[in-house]
Amino acid sequence: MADQTADLRVPADGERWRCAGCGNLTRFDVTRTRRTTEYWHFDLAGEHQVEEETVRSEDVEAVSCRWCGRSDAIEVVDRASADTAADPAAG
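Below: a short report on this structure. Because the structure is predicted, anything quoted here is derived from the model rather than measured.

## Some details on the nonpolar core
Side chains of a nonpolar character, in soluble globular proteins, are inclined to be buried together.
Next, step 1: Counting nine residues, the largest nonpolar core is built from L8, W17, C19, F28, V60, V63, C65, A73 and I74.
Next, step 2: Residue contributions to this core peak at three residues, all from strand β3 (residues 48-65).

## Remarks on the environment of R56
Next, step 1: Tracing the chain through its elements places R56 in strand β3.
Next, step 2: Distance in space between the C-alpha atoms of R56 and T36 is 5.2 Å, their sequence separation being 20 residues.
Next, step 3: Once residues lying within four places of it in the same chain are set aside, the contact partners of R56 are R35, T36 and T37.
Next, step 4: Within polar-contact distance, the side chain of R56 engages the side chain of T37 at 3.0 Å.

About the criteria used
Residues numbered from 1 in each chain as written. Predicted model: local features only at pLDDT ≥ 70, side-chain atom pairs only at ≥ 80, totals over all residues. Heavy atoms only, no water. Core = buried A, V, L, I, M, F, W, Y, C linked by side-chain atoms within 4.5 Å. Buried < 20%, exposed > 50% of the residue type's maximum accessible area, 1.4 Å probe, protein only. Helix = DSSP H or I, 4+ residues; strand = E, 2+ residues; numbered from the N terminus. Contact = heavy atoms within 4.5 Å. Polar contact = N/O pair within 3.5 Å; in protein donor to acceptor, adjacent residues only side chain to side chain.

In structure tokens:
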């Protein structure tokens, strides 16, 4: 099996991750690095809320399946064609 970790990315709209090892569609451990610009709004007590966030760059470093632990079998698939019956967490 080819190493699929070379094409790690956050799935686009209409896509999702799938573990080709066990069929998991719902639970993954993701390590990523993000560079953001945020608008922080502080109240008078000094507490803040992030009211706007712009992602400047994002790199997915690793994705592993929470169910079987594999990181070499994660693939991006079309969301509509993913078989949720095969997902161990779907039932």
